[in-house]
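Here's the letter readout for the chains.
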Amino acid sequence: MSAAEKYDVIIFGGGTAGKLMAWSMAGEGNRTAVVDRKYIGGACPNVACLPSKNVIHSAKVASLVGRHREFGIETGPISIDMAGVYTRKREMVEGIIQVHLDKYHASLNQDRGDELIFGDGVFIAPRTLRVALRDGGERTLTADRIFVDLGTHATIPDTPGLRESRPMTHIEALDLQRRPEHLIVLGGGYVGLELSQALRRLGIRLTLIERSAQLVSNEDADVSQAVLQLFRDEGIDVLLGTQAIRVDGLSGAHVSLQLQSGGGTRTVEGTDILVALGRTPNTSGIGLDKAGIEVTEKGHIRVNDRLETTAPNVWAMGECAGSPYFTHVSEDDFNIIYKNLNGGNRSTRDRLVPYVVFIDPELARIGLSESQARERSIAYRVASVPVDTGWRPWTISEKRGFMKTVIDAHSDRILGFTAFGPEAGELMGTVQIAMLADQPYTILRDTMFAHPTMTEGLKALFMSVPQQLENHAERFQHARTSAD
């Protein structure tokens, strides 16, 4: 074994939190090594968040072109060039990779011995890694502090025949340069929903299979029903309460799936399979036990609310640490650790985590849903209005959807906000700021917003909130209103 090379800091995995930690630590003068397997900048800019949103926007353009007469525009026949969709995405990714490389070159000091090392790392002792280099050979690295940001990968269940069928994950789906004749998507979560709609809009016949009784199963029933209706209106065959119990054939040629639903079975045939059934932490087989780093039953690295692992001077960040699977959460993980290392007292407890599902129209939520408030026996009020209560959706012919808010029953505190409609993510951001500032919902109700904007519609939503419950004995009751 090669002699151990000593660093001040090792970043094991260069995702969002990892790259930010590397740039910051090197900028402070620490001799820094970044050990990464493949992707410059992590999965987000290479094979996940940003590439998927690029393809989703191409699909949005295709949808708008298909509606050209609605906007008073005449055109001839159109066709989808999947190779062109791929090329646009690839050019974006290459540009983002170069931005990351430029940042690494500006941050890492080669004279001090800072390095970006490509290879597969394995812990062989506390704070010590053996790295099988991508270009051959191996090195042993040790450091005073190690920050782990290894991410996750797509889960392929042990369904008989599924692995043998060589299904696509999101990575292969985003690299498609052909148009499958009939794509079967397993999973109705965020990834399954985004890619299903986009690929359907790019002209692919599509069947979506979800084992739960509703799509986006963590949302209220009215939200899930609205998304289901959208998908069915766009020609997607959605099968709920259904799961594959056997797969035959080869994805890309012909596949046959035996499905179970309720007490019966049926068979669905197609040409391709896309698996979107969750994520698995990249923590197996990397010697965590030899480093004194414990993992949870689900395979995440065990951390406390300061993201410290069970090993001294080792921190874990992002998805591998069990943080919510969003890039913005990984960035916040970095901020928590970095600020604490510099005298702060940040924690992951009680974080207000926003999220957006980039279907069209978007689905966004911050804080509690109505069902979550009910499950926690929190007394609440709820208001809901269609997005076309405001005038901006009329001007852009995007009137599908609604906004919904959950308000504390005995105060004016905003407990949660959901939007299903155009620019839902931006609407959510406005409400998020009010929630972070601990402002009552009335500040949004009484604010003057520019006209005509989507944000202006928030006034109608918060104007429809019911009055506070006066009888505190009604603590576990709730009030509703709807301006349908």
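Keep in mind it's a predicted model, so treat the numbers as computed, not measured. (Residues numbered from 1 in each chain as written. Predicted model: local features only at pLDDT ≥ 70, side-chain atom pairs only at ≥ 80, totals over all residues. Heavy atoms only, no water.)

Asks: Could you clarify how one ought to interpret the sheet that holds strand 13 (residues 272–275) in this entry?
Replies: Two strands in a sheet stick together by hydrogen bonds in their backbones, pointing the same way (parallel) or opposite ways (antiparallel). A sheet is described by the order of its strands in space; here 4 strands give the open sequence 9-8-7-13, paired in parallel fashion. Two strands close off the open sheet at either side, each with one partner strand: strand 9 (237–239) and strand 13. With direction set aside, neighbouring strand axes in the sheet form an average angle of 20°. In this structure, strand 7 (residues 182–186) lies alongside strand 8 (residues 205–209), joined through 5 bridges in parallel fashion. Paired with valine 185 across the two strands is leucine 208, which belongs to strand 8. Each of strand 7, strand 8 and strand 13 is contacted by helix 6 (residues 190–201), which is oriented at about 165° to strand 8, the strand it contacts most. (Pairing = 2+ DSSP bridges. Helix = DSSP H or I, 4+ residues; strand = E, 2+ residues; numbered from the N terminus. Axes fitted to C-alpha atoms, helices over the stretch in contact; angles between N-to-C directions. Contact = heavy atoms within 4.5 Å.)

Asks: I tried to follow helix 3 (residues 49–66) on my own but got confused; where do I start?
Replies: Owing to its 3.6 residues per turn, the α-helix aligns residues three or four sequence positions apart on the same side. For helix 3, which comprises 18 residues, the first-to-last C-alpha distance of 26 Å matches the rise-based estimate of 26 Å (1.5 Å per residue) to within 8%. Taken residue by residue, helix 3 has Pro51, Ser52, Asn54, Val55, Ile56, Ser58, Ala59, Lys60, Ala62 and Ser63 as its buried positions. In the core, the buried residues of helix 3 are packed alongside helix 2 (43–47), helix 4 (82–107) and helix 6. (Expected span 1.5 Å × (residues − 1). Buried < 20%, exposed > 50% of the residue type's maximum accessible area, 1.4 Å probe, protein only.)

Asks: Would you explain the packing of helix 3 against helix 4 in this entry?
Replies: If you want to describe how two helices pack, look at the angle between their axes and the distance between the axes. Here helix 3 crosses helix 4 at 145°, and the two axes come no closer than 9 Å. In the packing of helix 3 onto helix 4, the handedness of the crossing is right-handed. Between helix 3 and helix 4, the residues in contact are Leu50, Pro51, Asn54, Val55, His57 and Ser58 and Val85, Arg88, Lys89, Met92, Val93 and Ile96, respectively. (Left-handed = near helix turned anticlockwise from the far one by under 90°.)

Asks: What should I look at first to understand the layout of surface pockets in this one?
Replies: Taking a probe equal in size to a water molecule and rolling it over the atoms shows the remaining empty space. Each pocket or cavity is described by its volume, and for the second largest pocket that value is around 520 Å³. If you go around the second largest pocket, you meet 21 residues; those closest to its centre are Leu352, Leu368, Arg376, Arg413 and Leu415. Of all the elements in the fold, those that place two or more residues in the lining of the second largest pocket are strand 20 (414–421) and helix 11 (424–436). Across the lining of the second largest pocket, the residue classes break down as 9 nonpolar, 5 polar and 7 charged. (1 Å grid on protein atoms, 1.4 Å probe; cavity = no way out; pocket = protein on both sides within 12 Å on 5 of 7 lines; lining within 4 Å. Points joined across faces, edges and corners; volume = space filled by probe spheres on them. Nonpolar A, V, L, I, M, F, W, Y, C, P; charged D, E, K, R; others polar.)

Asks: Hey, could you run me through the sheet that holds strand 12 (residues 264–270) in this one?
Replies: An order of 10-11-12 is seen for the 3 strands of this open sheet, with the pairing classed as antiparallel. Every interior strand has two partners, whereas the edge strands, strand 10 (242–250) and strand 12, have only one. Across the sheet, the axes of successive neighbouring strands diverge by a mean angle of 20°, strand direction being ignored. Pairing between strand 11 (residues 254–261) and strand 12: 7 bridges, direction antiparallel. Paired with leucine 259 across the two strands is arginine 266, which belongs to strand 12.

Asks: What exactly am I supposed to notice about the pattern of salt bridges here?
Replies: Tallied over the full model, the rule gives 32 salt bridges. Of the charged contacts in the structure, one is a salt bridge between aspartate 144 and lysine 6, with a shortest N-O distance of 2.8 Å. In this pair, aspartate 144 is assigned in strand 5 (residues 138–148) and lysine 6 in strand 1 (residues 4–12), connecting sequence segments 138 residues apart. Since its relative accessible area comes to 37%, aspartate 144 is described here as partly exposed. Between aspartate 248 and arginine 246 there is a salt bridge, with its nearest N and O atoms 3.4 Å apart. Here aspartate 248 falls in the partly exposed class, since its relative accessible area comes to 36%. (Salt bridge = Lys/Arg side-chain N within 4 Å of Asp/Glu carboxyl O.)

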